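Summary of structural features
Each chain, letter by letter, is given below.
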Amino acid sequence: MTAKPAGSMSGGSPRIAALFLTPALLLVVVFLVYPTAYSLVRSFFDARGTEFVGVENYVTAFTDDRTLVALRNSVIWVLVAPTLVTTIGLVLAVLTEKIRWATAFRLVMFMPLAISLVASGIIFRLVYEEDPDRGVVNAVVVSVHDVLTPASRYPGVRPREDGGLVVGPDGALVTAEPVGAHGAVGLPITGFDPVDLPKRAAAAVPPEPGAGLRGLVWLDVGGTADRTGEVDAGERGMPGIAVEVLEGDRVVATTTTGDDGRFTVPDLVGGPYAVRLPAANFAEPFRGLTWLGPVLVTPVVITAWLWIMSGFAMTLIVAGLASIPRDALEAARVDGATEWQVFRRVTVPLLSPVLLVVFVTLVINVLKVFDLVFVIAPGSVQEEANVLALQVWQVAFGAGGGDQGLGSALAVLLFLLVVPAMVFNIRRSRGDRS
């Protein structure tokens with residue numbers, strides 16, 4: 001009796017081999033070959049699939065503005081995202097070899113990959129929320145900004161109507177009429193909640209003429225018994241407001257209001273002058289950046305993808321680092337090479353096959369990005385953040401879409417973009433086995 005070849009389950013019988021391969025082949029045909037062939041054929045028909053239109057869908061794909069934006073964004077993704085993730089993964093992989101808790105660190109870095117892209121998109125939608133009371137990024141940005149540039153004390157105030165102040169071109173409040181070097185001027189302001197006045201704000205006291213220019217800035221809150229431009233009972237001054245005295249367009253003196261809102265500018269001669277309250281006194285507080293606006297939305301979505309995929313790149317590169325001969329690294333150090341030189345001239349060249357595989361794998365992943373863009377980008381700017389995979393869904397199945405002919409053409413184009421990277425990875429893996 002002929003002995004079976006070692007390791008052969010089928011004993012060399014084609015029938016038994018076919019029996020084992022048939023289920024897998026059926027799955028490949030049903031879920032891969034048939035959809036691919038059907039999409040290719042469908043791309044040559046109109047939206048309803050009843051009329052043959054030839055390459056018209058492909059012409060539309062390369063002339064439609066939305067598709068061109070999606071193609072442009074996909075190119076940005078391919079050029080930026082895989083490079084950044086591979087670089088971050090390399091740096092993290094090398095650094096983890098220098099720390100004690102390397103395993104725990106790698107576990108934490110890999111955890112985002114266990115979260116679905118939809119959930120990750122929701123997380124980053126909240127992280128980049130424009131309202132600093134909800135968005136983490138803007139909360140940090142606003143905090144740093146306010147430390148470097150303190151917020152104004154009286155945001156959004158305006159001059160009291162017929163109170164003697166007008167709004168200048170730059171938003172500053174300027175006296176409507178000129179004042180003398182030894183006069184007294186009252187500057188009523190409204191549009192601010194009295195509850196928000198500083199605790200040290202004292203009762204407003206009308207200024208009296210005397211030596212120098214004297215004035216009062218107070219919160220004229222209005223009411224039933226209110227007198228416009230006159231200090232009423234219970235009204236308080238506005239302390240800490242910067243005041244400028246102008247002669248023409250030139251600032252000749254500056255001062256700040258006291259607790260009761262009064263100020264004095266001595267040593268003025270001649271005139272006439274104008275009193276200006278700079279716009280910085282009343283500037284609206286800095287509320288952060290519009291991260292999810294049309295300008296920044298694509299970089300924001302890319303950062304979310306970096307957070308998810310950096311752990312994946314790091315894990316593969318760590319495995320590559322483990323295969324590097326340690327004697328090569330030690331030999332370089334013995335020859336006097338610094339750690340940077342060892343990294344640049346020894347570690348990176350020996351890791352180049354792994355880095356290339358990681359990069360190409362990330363390129364394939366990037367071309368299929370759909371969930372993050374759909375979830376993170378608000379509907380108003382989704383067109384600016386659009387990528388090719390999302391455009392396929394929007395054209396074929398999204399609201400206002402339904403054109404499965406054009407959607408199939410876009411899917412074929414996306415497939416053709418992915419194929420070169422897939423072929424490279426397959427050839428690379430075969431080369432490694434041989």
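First things first, this report covers the structure right here in the doc. Only a predicted model underlies this, so the values are computations on that prediction, with no experimental measurement involved.

So, about the layout of surface pockets. Counted as a void, the largest pocket has a volume near 470 Å³. Mapped onto the lining of the largest pocket, the elements with two or more residues apiece are α1 (14-42), α12 (388-396) and α13 (404-433). Per-class residue counts for the lining of the largest pocket are 15 nonpolar, 2 polar and 1 charged. There is about 210 Å³ of room inside the second largest pocket. Lining of the second largest pocket is provided by 13 residues; of these, Val94, Lys98, Arg333, Glu339 and Thr347 occupy positions nearest its centre. Of all the secondary-structure elements, those providing two or more residues to the lining of the second largest pocket are α3 (65-96), α8 (326-334) and α9 (339-367). For the lining of the second largest pocket, a count of residues per class yields 6 nonpolar, 1 polar and 6 charged.

By the bridge criterion, 6 bridges tie strand β6 (residues 242-247) to strand β7 (residues 250-256) in an arrangement that is antiparallel. Opposite Val245, over in β7, you have Ala253 as the bridge partner.

Turning our eyes to something else, we now look at the side chain of Asn138. Tracing the backbone shows Asn138 in helix α6 (residues 136-148). Here the side chain of Asn138 touches Trp291 through a polar contact of 2.8 Å, side chain to side chain. Beyond its immediate sequence surroundings of up to four residues, Asn138 is in contact with Glu129, Glu130, Pro132, Arg287, Gly288, Leu289 and Trp291.

On to unusual backbone geometry. Located in the positive-phi region is Asp162, a residue other than glycine, with phi close to 60°. Tracing the backbone through its elements, the reader meets Asp162 in the loop between β1 (158-159) and β2 (165-167). Judged by its relative accessible area of 71%, Asp162 is exposed. Even without being glycine, Asp267 reaches a positive phi, approximately 60°. By secondary structure assignment, the location of Asp267 is in the loop between β8 (262-265) and β9 (274-277). Accessibility expressed as a relative area gives 73% for Asp267, which makes it exposed.

In total, this model carries 13 aromatic pairs according to the counting rule given. Between the aromatic rings of Phe370 and Trp393, the centroid separation amounts to 6.0 Å while the plane-to-plane angle is 70°, which identifies the pairing as edge-to-face. Residue Phe370 is located in the loop between α9 and α10 (371-376), and its partner Trp393 is located in helix α12; the two are separated by 23 residues in the primary sequence. Classification of Phe370 by relative accessible area gives partly exposed; the value is 22%. Following the ring pairs from residue to residue traces out a cluster consisting of Phe44, Phe45, Phe52 and Tyr58.

Glancing now at the sheet that holds strand β4 (residues 184-190). An order of β1-β4-β5-β8 is seen for the 4 strands of this open sheet, with the pairing classed as mixed. Among the strands making up the open sheet, the edge pair consists of β1 and β8.

To continue, consider the packing of α3 against α12. One way to put it is that α3 packs onto α12 with a least axis distance of 8 Å and a crossing angle of 155°. In this view, α3 runs roughly antiparallel relative to α12, as classed from their interaxial angle. Contacts from Arg66, Thr67, Ala70, Leu71 and Ser74 in α3 reach Leu388, Gln391 and Gln394 in α12. The residue inventory of the contact of α3 with α12, partitioned by class, reads 3 nonpolar, 4 polar and 1 charged.

To continue, consider the environment of Val243. With respect to the secondary-structure elements, Val243 resides in strand β6. When the C-alpha positions of Val243 and Pro278 are compared, they lie 7.0 Å apart, and in sequence the two are 35 residues distant. Dropping the residues within four chain positions of it, Val243 is found in contact with Ala253, Thr254, Thr255, Thr257, Phe263, Val275, Arg276 and Leu277.

What counts, and at which threshold
- Residues numbered from 1 in each chain as written.
- Predicted model: local features only at pLDDT ≥ 70, side-chain atom pairs only at ≥ 80, totals over all residues.
- Heavy atoms only, no water.
- 1 Å grid on protein atoms, 1.4 Å probe; cavity = no way out; pocket = protein on both sides within 12 Å on 5 of 7 lines; lining within 4 Å.
- Points joined across faces, edges and corners; volume = space filled by probe spheres on them.
- Helix = DSSP H or I, 4+ residues; strand = E, 2+ residues; numbered from the N terminus.
- Nonpolar A, V, L, I, M, F, W, Y, C, P; charged D, E, K, R; others polar.
- Pairing = 2+ DSSP bridges.
- Polar contact = N/O pair within 3.5 Å; in protein donor to acceptor, adjacent residues only side chain to side chain.
- Contact = heavy atoms within 4.5 Å.
- Buried < 20%, exposed > 50% of the residue type's maximum accessible area, 1.4 Å probe, protein only.
- Phe/Tyr/Trp six-rings, centres within 6.5 Å; stacked < 30°, edge-to-face > 60°.
- Axes fitted to C-alpha atoms, helices over the stretch in contact; angles between N-to-C directions.
- Parallel < 35°, antiparallel > 145°, perpendicular 65-115°, else oblique.

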